[in-house]
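# A look at the structure
Listed here are the chains, written in short residue letters.
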Amino acid sequence: MGDFIGAVDQGTTSTRFIVFDHDGRPVASHQLEHEQVLPRAGWVEHNPLEIWDRTRTVIGSALTTAGLATSDLAAIGVTNQRETAVVWDRRTGRPFHNAVVWQDTRTDSIAKALDADGRGDVIRHKAGLPPATYFSAGKVQWLLEHVDGLRAAAERGDALFGTPDTWVVWNLTGGPDGGIHATDVTNASRTMLMDLTSLDWDDELLGFFGIPRQMLPSIHSSSHRTAFGETAGGRGSSAVPITGVLGDQQAATVGQVCFEPGEAKNTYGTGNFLLLNTGEELVRSRNGLLTTVAYRFGDAAPVYALEGSIAVTGSAVQWLRDQLGIISGASEVEALAASVDDTGGVYFVPAFSGLFAPYWRSDARGAIVGLSRFNTNAHLARATLEAICYQSRDVVDAMAADSGVALTTLKVDGGITANRLCMQLQADILGVPVSKPVVPETTALGAAYAAGLATGYWSGTDELRANWAEAERWQPRWNDAQRRDGYAGWRKAVERTLGWVDVE
Ligand SMILES: Nc1ncnc2c1ncn2[C@@H]1O[C@H](COP(=O)(O)OP(=O)(O)O)[C@@H](O)[C@H]1O
Ligand SMILES: O=P(O)(O)OC[C@H](O)CO
């Protein structure tokens, strides 16, 4: 058996491959960005062939740079941006269209119609999700309706659908030459097509969107010895079993070892995703959160989570960089924001894709409010960091209301946690300490853990828990009045963004 476990993390902005040792420490990694295709306002696409190319490249370069070979890997895990819909031809491997990304809002009217005729409540009950542009099913319906020849190909069984895990696994296992068409319960739970209790595709839900069942991958546990096959190998590389597959936010939950009910983590990337482990109990939210599968290891019972998904956090920082040009790299936002003591009364609500949890308002659009002539770029930069933290506060409050348990510490990870000012603001705005682990790559680590558990590389969750260690902790510094007044201003700002666009 190889000495290491590899993990592909196919994210919204980039694809990484990280190799971990038995202590859960990274020993090799490589990361490459891919293009964000923005054809119209509200549309976000990725080129699936570019994603597959990046995946192959990062695996090869991470191994080569560290002097490792595929034979050094005991197994590979795959984790991914969730919900994003890829549809391709099983005979050629050619995508029928660019991938329609989770942030894309072109399915506004499809989502809205679901609540007009009662289908929305069935989806809420069976899939645990509110009707929204975010999830895959509406995206597949849109593709079936807009891409010439796709419906006929789907009915013939020639068109395959998958979230990026499925696309990557199919290609890794041989593509048109016998590639395995599979997904796991966590990814399937984000499509609006899987019943959370049967853990199978549901015919009534498929019927709501007119999706032929033969397009869909088979659903398996997140950690499985055989279901996802092995890499095709060839050209000097040996075949490696793929034994872990799970959505990136669920993977981070595993990487942060949130294995007990009541344990939660918040990942700060393109968006923010806070997941609370609710154990084997399926908890339905009354406060705008999602019910989702956290993970399922082998034949054990599935573990569920409540999730607060926030669409725009790190991508608001990218917007300051790419669209406004007030910083030239994401890391510069910290110094700019730190050059002022506060936001000078400014609030920025980055509702670029409407608002996700806990509001679920696709008619919201972004706003900067409270401006006076006094304000500068620095205030806007600081308001952007505060917006990341206020949106997380919205979700933490909803979780406390749903679970009756108030958070005592928030475990964090993801790219933005490199920003110490932002993490301090998060502790201030929540009023609880914020804790970051030694290995910040928790998403890839979680996929590696799922893969390694399946093969016996790790013996069980106790062994994984022992690998977790805190690197840094931020204590709240604001007083209660600051926290209360600051949050009241945020809620007022959010109100201003609602109902901004008409959804037909
Ligand atoms: N120092 C920083 N301060 C604030 N935001 C940052 C910083 N560094 C990276 N980011 C943001 O974090 C995001 C990247 O984080 P990452 O965890 O790699 O995201 P993803 O997995 O969604 O691709 C980008 O949106 C970027 O703008
Ligand atoms: O790729 P990330 O880290 O932005 O995560 C995206 C989420 O999976 C979307 O639900």
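Only a predicted model underlies this, so the values are computations on that prediction, with no experimental measurement involved. (Residues numbered from 1 in each chain as written. Chains lettered and ligands numbered in written order. Predicted model: local features only at pLDDT ≥ 70, side-chain atom pairs only at ≥ 80, totals over all residues. Heavy atoms only, no water.)

### Here we look at the environment of Leu114
- Mapping Leu114 onto the fold places it in helix α2 (residues 108-116).
- Relative accessible area serves as the criterion here: at 1%, Leu114 is assigned to the buried category.
- Taking the C-alpha atoms as reference, Leu114 lies 36 Å from Gly486; in sequence the two are 372 residues apart.
- With residues up to four places along the chain from it excluded, the contact list for Leu114 reads Arg119, Gly120, Ile123, Pro131, Met192 and Phe209. (Helix = DSSP H or I, 4+ residues; strand = E, 2+ residues; numbered from the N terminus. Buried < 20%, exposed > 50% of the residue type's maximum accessible area, 1.4 Å probe, protein only. Contact = heavy atoms within 4.5 Å.)

### Some thoughts on the site of ligand 1
- As a structural note, the neighbourhood of ligand 1 is formed by 16 residues, with Thr13, Arg16, Thr270, Gln318 and Gly415 the closest of them.
- Residue Arg16 places a side-chain N or O atom 2.9 Å away from an oxygen atom belonging to ligand 1.
- Take Gly314: an N or O atom from its main chain is 3.0 Å from an oxygen atom of ligand 1.
- Relative to its unbound accessible area of 580 Å², ligand 1 is 84% covered by the protein chains.
- For the shell around ligand 1, the element with the highest residue contribution is helix α10 (residues 314-322), accounting for four residues.
- Split into classes, the residues belonging to the shell around ligand 1 amount to five nonpolar, ten polar and one charged. (Near = heavy atom within 4 Å. Polar contact = N/O pair within 3.5 Å; in protein donor to acceptor, adjacent residues only side chain to side chain. Areas by Shrake-Rupley, 256 points an atom, 1.4 Å probe, with all protein chains shown as cover. Nonpolar A, V, L, I, M, F, W, Y, C, P; charged D, E, K, R; others polar.)

### Details of the nonpolar core
- Tyr134, Leu193, Phe209, Ile211 and Trp490 are the most contacted members of the largest nonpolar core, which totals 132 residues.
- By residue number, the principal contributor to this core is helix α12 (residues 377-403), which donates twelve residues.
- Once residues within four sequence positions are removed from consideration, Trp490 is found in contact with Tyr347, Phe348, Val349, Tyr359, Ala387, Tyr390, Gln391 and Asp394.
- Grouped together as the second largest cluster of nonpolar side chains are 30 residues, Val8, Ala62, Val168 and Leu172 included. (Core = buried A, V, L, I, M, F, W, Y, C linked by side-chain atoms within 4.5 Å.)

### So, the sheet that holds strand β2 (residues 14-20)
- The five strands lie next to each other as β3-β2-β1-β5-β13, forming an open sheet whose pairing is mixed. A strand with exactly one partner marks an edge of an open sheet, and here the two such strands are β3 (26-33) and β13 (242-247). Along the sheet, successive strands turn relative to each other by an average axial angle of 15°, direction set aside.
- Across six bridges, the pairing between strand β1 (residues 4-10) and β2 is antiparallel. Counterpart to Val8 in the pairing with β2 is Phe17.
- In the packing of helix α1 (residues 48-65) onto the sheet, contacts are made with β1, β2, β3 and β5 (73-80), and the angle to β3 comes to roughly 150°.
- Docked against the sheet, helix α6 (residues 164-172) engages β1, β5 and β13, running at close to 145° with respect to β5. (Pairing = 2+ DSSP bridges. Axes fitted to C-alpha atoms, helices over the stretch in contact; angles between N-to-C directions.)

### Focus on empty space enclosed by the protein
- Inspection of the entire model under this criterion finds three cavities of 30 Å³ or more.
- Estimated volume of the largest cavity: approximately 90 Å³.
- In terms of lining residues, the largest cavity is bounded by 15 residues, among which Val439, Leu445, Asn467, Trp468 and Ala469 are the most central.
- Mapped by element, the contributors of at least two residues to the lining of the largest cavity are α14 (442-455) and α15 (461-467).
- Among the elements that make up the lining of the largest cavity, the one with the highest residue count is α14 (three residues).
- Class assignment of the residues belonging to the lining of the largest cavity gives a composition of nine nonpolar, four polar and two charged.
- Of the volumes computed, that of the second largest cavity is approximately 80 Å³.
- Residue lining of the second largest cavity: Ile310, Ala311, Val312, Pro350, Ala351, Gly354, Leu355, Phe356, Ala357, Tyr359, Gln391 and Asp394, and that is the complete set.
- Broken down by class, the residue content of the lining of the second largest cavity amounts to nine nonpolar, two polar and one charged. (1 Å grid on protein atoms, 1.4 Å probe; cavity = no way out; pocket = protein on both sides within 12 Å on 5 of 7 lines; lining within 4 Å. Points joined across faces, edges and corners; volume = space filled by probe spheres on them.)

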